[in-house]
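Chain and residue survey
Each chain, letter by letter, is given below.
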Amino acid sequence: MGLLTGKRVFSIMALCMMVGLLLLPIVVALPSPAIGEEAPAGDAVKKDGDKVEKGRDVYYKTEGIVVGAPAPKTTDGPKDYPRYNFESRVLLWFANQQHLYYGSFVLAVPIFCMIIEFMGVVTKDKALAKRYDQLAYDFIKISLTAYSLTAILGGILIFTFLTLYPAFFGYLSSIFRPVMHIYALMFVAESGTLYIYYYGWDKMKEGFLKWIHLSMSVILNIIGTLLMFLANSWIGFMMSPAGVDEQGRYLGNIWHVIHTALWNPLNLHRILGNMAFGGGVVAAYAAYKFLAAKTDEDRAHYDWMGYIAMALGVSFLIPLPFAGYWLMREVYAYRQQMGITLMGGLLAWLFIIQATMIGILFLSTNYYLWQAMGRMRGAEKYQRYIKYLVFLLVCGFLVFITPHTMVMSPAELKAMGGQQHPVLGNFGVMSAKNGGINVIITTTVLSFVWYMRGNKVSTVSWAKFGNIFMGVFFACAYVNIIWLAIYGYYIPANVRVGLSVPQVATTLSCLFFMFALNSVMMRGAKQMGPIEWGKISVRSQYALIMLATAFTWMMALMGYIRSSVRLFWHVNEIMRDNSPWAYTHTVGFAANMISFNVLFFWISILFVFWMGSLAAKKVPVEAKAGIPGNVPQPAASH
Amino acid sequence: MKALMSLGALIGVAGLVLLGGMIFDVIPSTTVRLVEGYMPMQMLFEFACFVAGFAGLSYMMSAVGMPFPRFWQGIGFWAFVLLYLKYRVYPPIPFSVRAMYGTVTLVAVFMWISANEEDWKKFKQPIMNVLDAQTGMNKLLRYAYLVLLPILIGGFSYNAMKPKSEEPIELRTVHPAPPASTKVHGKTYTLQTSQNPYRVNPEGKYDQEFSNANIVEQGMGRLMKPNANPWDDKNTGYLKYVREGGEIFFQNCHFCHGDNLNGRGLHAFAFNPIPANFTDPGTIAQLQETFIFWRVSKGGIGLPNEGFPWASVMPPWEQHLTVDEIWKVILFEYWHTGYYPRTWD
């Protein structure tokens, strides 16, 4: 009892320490805005006597006292752009991308851990609860090695900035000075909480202590998310600056600098993106382990792990296009030219590639689910309908990837009789594309519903009515989405943009209502047979690897698009890029660079996985065999 | 169910006969016309009919004890899509797009034939048979593939490496991003905020809803309001400005952009690409009026770097028209096509 009390005290102290760490940066930062305002103001007084210079915020249009220096007007030379015998921008691109990959991974995995640990805590089936707990632990173990690499890559990134872009980095640092140390302290807090969370796992595995441990994961994720928000404020500022005047002089309000026009859409998009990416990477890890497994037990475990990671990743992938849509809408609202450069101009072809990648993600997901139905007895009844799902998916996909401006030779252009194809050109505009992606997502939801009821037969008295209702609901959803896509051609553009709301609402209705109804219908359902974990086809595992690779490629692509939309500006309309590399790369070069980044990430993450497996080898055999059930049972796993 | 499948089979056979006729030029590809205005949906609908038709055909053949092997179903369907895109859809689809569609369809066929283990085995069986070469025929086939495949790949490589005299492919940006502002006749216009001064209601205030209600019905060519005829001299305000814009259009623009505003004017086919087709939903319907104002004023010569290879011979109309005339002609273009200028509210 005494020991238990001691443990309780210890765990509460640890939790308090974490909260303390969370609050530390805020407490330390309290005086900094004041310092940030007063110190340069003093300079202003020195310069202009008693006169206080005022400036107008470029975005908020408010007046503020000028407390910063103007953005430097750089010139090409060793002072502003020192360099090696290589394109500095490409080096920075590489360092940035790798840091982002690992940063995303280590931010996403703790969120998974939190969800999976919570599932373990609330699951009544003790064997399953233990497996969830073990899975969460496995995840955090991988994350820990990746965490060190993230920090190393962060250091490399800062050194690259300081070495190759000193004037630009100096300017950004001067603007963000009031929060620079908060950012650094957040890292300390993140590391501290992560270590306490990881090393406290075994000591806090039951009862009240487990709940304390779970609370720690919540705090860990709050810190991680705040950290990401701060990092996002830098890129938000570079794209859509605020809190400075036309010359780029800081006006003393750090909140304006952080809370730029694109900050919130970026935050949401990145949270969802990180989660989908994290799920993809863990699923690929599980797929790799599945393919390399030598025993049925291992295959069963990694099959299950891959499924859980894929399901978590995809659950965040589904709302991702909508978050992206919001981001683009805000981009257009901020600067029309920026929007046109992205969607209709210079970078439009990259968006076609992005659409292709999104399509691959959804196609891989659906394919995995159909393969997964192969390990369920009773799911055969759905197999013959899969060809119709393929048809729907492909129609949506083809519309989604059809370019507005087609790549063609002048001879083809002449034969076509104009820049736009009279049939396919119609698929190239937003109205059709909204329809296309919503058809794809709705079909994915339908595949999920089939998977969830694959080996079950509903026993509720209203099962027949429920099935008919679900069928009609999905049919109406398709009709509504397609009808709105066509109707979009006949109404003003501002109304058409608004049409995406009912389309998205239709898709989300399918997601929530159909999942809920299906769950109710399948409560106490008759099982046709167990899910035979480990009996899935190897093709499904390649689909998971494809899913993860597509995530990684798309992430790099979108990062490149977001960054290059600033064209020849370091900070949009404030600080011009006067280096020799202020031009936009060709699509081919960008694609090669993205592929190189993806390849490097996967090679390095394989190293991380290998390190993780070295640690796993030290675990005594009994501990592994101690997991009851060996082959996981389906129970409430989906 | 059986009746439904029989109907499907009938559609499938009829469709295949039609497509075969089009490929061998026995039946003109315009026999079943793609109706302007409905073409994109018509194509998808036709495609859906074919899928239903093939499903019915497959069902019927199985029912009469002559199942069509899954291997040939997969290969056949993919070939069908490639032929459909090449011979059915007109005007011809550029190769790059057909390649994209063909790849996606190939992936789709793979997803379909490997969706479950049984189908996948059925699909693989003929390939495995040839590789195992247990019969004389399969042995022969294996040797044939051994010789043919390298020749085929060599042929492709040769074709790819052979220097060509064709003009290179262009990745043209049709709508380059506009500048933040543009200077026309000494006055600076901010593109984000400027408005067409002639898009006004009877009170003389800027009113897009009013003008939207008085245009030609899109794709139909009839007036939204019968009495809102700009060619009626009695009409004033917005409709009068449309009329004036129309006069300017027919004096200056229709030679290239055509009297239907579809880019097929008298001189259009002297250019490649032909002038912009305003009736296409991808041109003025996608853009703010100020974007059109900038493009008309500055012409092809004023395109930014992003607009490379600057394949536009439109003159900078600011040298020939007044600012008011440019605004009026834009007003007419939207009126005539039935499109609404893009807004961001």
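Attention in this report is confined to the structure presented alongside it. (Residues numbered from 1 in each chain as written. Chains lettered and ligands numbered in written order. Predicted model: local features only at pLDDT ≥ 70, side-chain atom pairs only at ≥ 80, totals over all residues. Heavy atoms only, no water.)

1. Things to note about the overall build of chain A
Looking only at helices and strands, chain A has 22 helices and 6 strands in total. Counting every position in chain A, which comprises 638 residues, the buried fraction comes to 58%. Long-range pairs, those at least 24 residues apart, make up 84% of the contacts in chain A with a sequence separation of at least 6. When the accessible surface of chain A is totalled, it reaches about 25800 Å², and 69% of it is carbon and sulfur. (Helix = DSSP H or I, 4+ residues; strand = E, 2+ residues; numbered from the N terminus. Buried < 20%, exposed > 50% of the residue type's maximum accessible area, 1.4 Å probe, protein only. Contact = heavy atoms within 4.5 Å. Areas by Shrake-Rupley, 256 points an atom, 1.4 Å probe, with all protein chains shown as cover.)

2. Quick word on the interface of chain B and chain A
In this complex, chain B contributes 71 residues to the contact, which on the side of chain A involves 67 residues. Here chain B and chain A share an interface that buries about 6200 Å² over both sides, 66% of which is from carbon and sulfur atoms. One can count 1 salt bridge joining chain B with chain A. For Glu117 of chain B, the salt bridge identified is with Arg539 of chain A, shortest N-O distance 3.3 Å. Put simply, chain B and chain A have 13 residue pairs in polar contact (both at pLDDT 80 or more) between them. Broken down by secondary-structure element, the contributors of at least two residues to the side of chain B that touches chain A are helix H2 (39–63), helix H4 (95–113) and helix H5 (117–132) of chain B. Classifying every residue of the side of chain B that touches chain A gives 47 nonpolar, 15 polar and 9 charged. (Buried area = accessible area lost by both parts, 1.4 Å probe. Salt bridge = Lys/Arg side-chain N within 4 Å of Asp/Glu carboxyl O. Polar contact = N/O pair within 3.5 Å; in protein donor to acceptor, adjacent residues only side chain to side chain. Nonpolar A, V, L, I, M, F, W, Y, C, P; charged D, E, K, R; others polar.)

3. Focus: the pairing of strand E1 (residues 181–184) of chain B
All names here are of chain B. Of the two faces of E1, the one lined by Thr182 and Val184 is fully buried and the one lined by Ser181 and Lys183 carries no buried residue. Bridge count between E1 and strand E2 (residues 187–190): 4 bridges; the pairing is antiparallel. Directly across from Thr182, in E2, lies its bridge partner Tyr189. Once E1 ends, the chain turns through 2 residues before running back antiparallel as E2, passing His185 with a positive phi of about 50°. (Pairing = 2+ DSSP bridges.)

4. Quick notes on the packing of aromatic side chains
Inspection of the entire model under this criterion finds 68 aromatic pairs over all chains. Where Phe47 of chain B meets Phe77 of chain B, the ring centres are 6.4 Å apart and the plane angle is 45°; that geometry is what we call tilted. Placement of the pair is Phe47 of chain B in helix H2 and Phe77 of chain B in helix H3 (residues 70–88), with a sequence separation of 30 residues. The rings of Phe391 of chain A together with Phe47, Phe50, Phe54, Phe77, Phe80, Tyr84 and Trp112 of chain B are connected pair by pair, giving a single aromatic cluster. The lysine or arginine in question, Arg335 of chain A, covers the ring of Tyr334 of chain A, its NZ or CZ lying 4.4 Å from the ring centre. For Arg576 of chain A, the ring lying beneath its charged end belongs to Trp569 of chain A, and the centroid distance is 5.9 Å. (Phe/Tyr/Trp six-rings, centres within 6.5 Å; stacked < 30°, edge-to-face > 60°. Lys NZ or Arg CZ within 6 Å of the ring centre and 35° of its normal.)

5. Regarding empty space enclosed by the protein
Taken as a whole and assessed by the stated rule, the structure comprises 6 cavities of 30 Å³ or more. Here the largest cavity is characterised by a volume of approximately 120 Å³. Forming the walls of the largest cavity are 13 residues, and the residues nearest its centre are Leu398 of chain A together with Met43, Phe47, Leu85 and Tyr101 of chain B. Where the lining of the largest cavity is concerned, the elements lending two or more residues are helix H15 (386–401) of chain A together with H2, H3 and H4 of chain B. Of the residues contributing to the lining of the largest cavity, the split by class is 11 nonpolar, 2 polar and no charged. Counted as a void, the second largest cavity has a volume near 70 Å³. Taken together, Val429, Tyr489, Ile491, Pro492, Ala493 and Arg496 of chain A together with Pro281, Ala285, Gln286, Tyr339 and Tyr340 of chain B make up the lining of the second largest cavity. The class makeup of the residues in the lining of the second largest cavity is 9 nonpolar, 1 polar and 1 charged. (1 Å grid on protein atoms, 1.4 Å probe; cavity = no way out; pocket = protein on both sides within 12 Å on 5 of 7 lines; lining within 4 Å. Points joined across faces, edges and corners; volume = space filled by probe spheres on them.)

6. Digging into the state of the cysteines
Scanning the model with the defined rule gives 0 disulfides over all chains in all. Left unpaired, Cys510 of chain A is separated from the closest cysteine sulfur, that of Cys476 of chain A, by 9.5 Å. For Cys510 of chain A, a relative accessible area of 0% gives the class buried. Lacking any disulfide linkage, Cys49 of chain B is separated from the closest cysteine sulfur, that of Cys395 of chain A, by 12 Å. (Disulfide = S-S within 2.5 Å.)

7. Some points on H2 of chain B
Across its 25 residues, H2 of chain B extends 36 Å between first and last C-alpha, which sits within 8% of the 36 Å expected from 1.5 Å per residue. Phi turns positive, to about 80°, at Gly65 of chain B, one or two residues after H2 of chain B. (Expected span 1.5 Å × (residues − 1).)

8. Focus: the packing of helix H4 (residues 126–164) of chain A against helix H6 (residues 177–199) of chain A
Residue and element names in this part refer to chain A. Remark: H4 packs on H6, axes separated minimally by 11 Å, with the N-to-C direction vectors making an angle of 145°. Viewed along their axes, H4 and H6 form a crossing whose handedness is left-handed. The segment H4 lies against H6, with Tyr137, Ile140, Lys141, Leu144 and Tyr147 engaging Phe187, Glu190, Ser191, Leu194, Tyr195, Tyr197, Tyr198 and Tyr199. The residue inventory of the contact of H4 with H6, partitioned by class, reads 10 nonpolar, 1 polar and 2 charged. (Axes fitted to C-alpha atoms, helices over the stretch in contact; angles between N-to-C directions. Left-handed = near helix turned anticlockwise from the far one by under 90°.)

9. Some thoughts on helix H10 (residues 296–317) of chain A
Here H10 of chain A contains 22 residues, and its C-alpha end-to-end distance of 31 Å stays within 8% of the 32 Å for a straight helix at 1.5 Å per residue. Across the 22 residues of H10 of chain A, 17 count as buried, placing the element largely inside the fold.

10. Description of the nonpolar core
Counting residues in hydrophobic clusters, the biggest one holds 232 residues, and the most contacted among them are Phe139 and Met310 of chain A. Ignoring anything within four residues of it in the chain, the contact list for Met310 of chain A reads Ala283, Thr365, Tyr368, Leu369, Phe448, Leu544 and Leu547 of chain A. Counting residues in each nonpolar core, the second largest holds 40 residues, with Ile340 of chain A together with Tyr189, Val216 and Leu239 of chain B among its members. (Core = buried A, V, L, I, M, F, W, Y, C linked by side-chain atoms within 4.5 Å.)

11. Overview of the side chain of Ser431 of chain A
Residues and elements named next belong to chain A. Here Ser431 lies in helix H17 (residues 430–452). By relative accessible area, which is 5% here, Ser431 ends up buried. One polar contact links the side chain of Ser431 to the main-chain carbonyl oxygen of Ala485, over a distance of 2.7 Å. Setting aside chain neighbours within four positions, we find Ser431 in contact with Leu484, Ala485, Gly488, Tyr489 and Arg496.

12. Observations concerning unusual backbone geometry
Here the bond from Tyr90 of chain B into Pro91 of chain B is cis, since omega is -5°, no more than 30 degrees from zero. Mapping Pro91 of chain B onto the fold places it in the loop between H3 and H4. Residue Pro273 of chain B is bonded to the preceding Asn272 of chain B through a cis peptide linkage, with omega at 5°. If you trace the backbone, Pro273 of chain B turns up in the loop between helix H8 (238–257) and helix H9 (289–298). Located in the positive-phi region is Lys61 of chain A, a residue other than glycine, with phi close to 60°. Topologically, Lys61 of chain A is positioned in the loop between strand E1 (54–56) and strand E2 (63–65). Judged by its relative accessible area of 47%, Lys61 of chain A is partly exposed. You will see that Glu573 of chain A, though not glycine, has its phi angle at about 65°, which is positive. As for its placement among the helices and strands, Glu573 of chain A is situated in the loop between strand E5 (569–571) and strand E6 (575–576). For Glu573 of chain A, a relative accessible area of 33% puts it in the partly exposed group.

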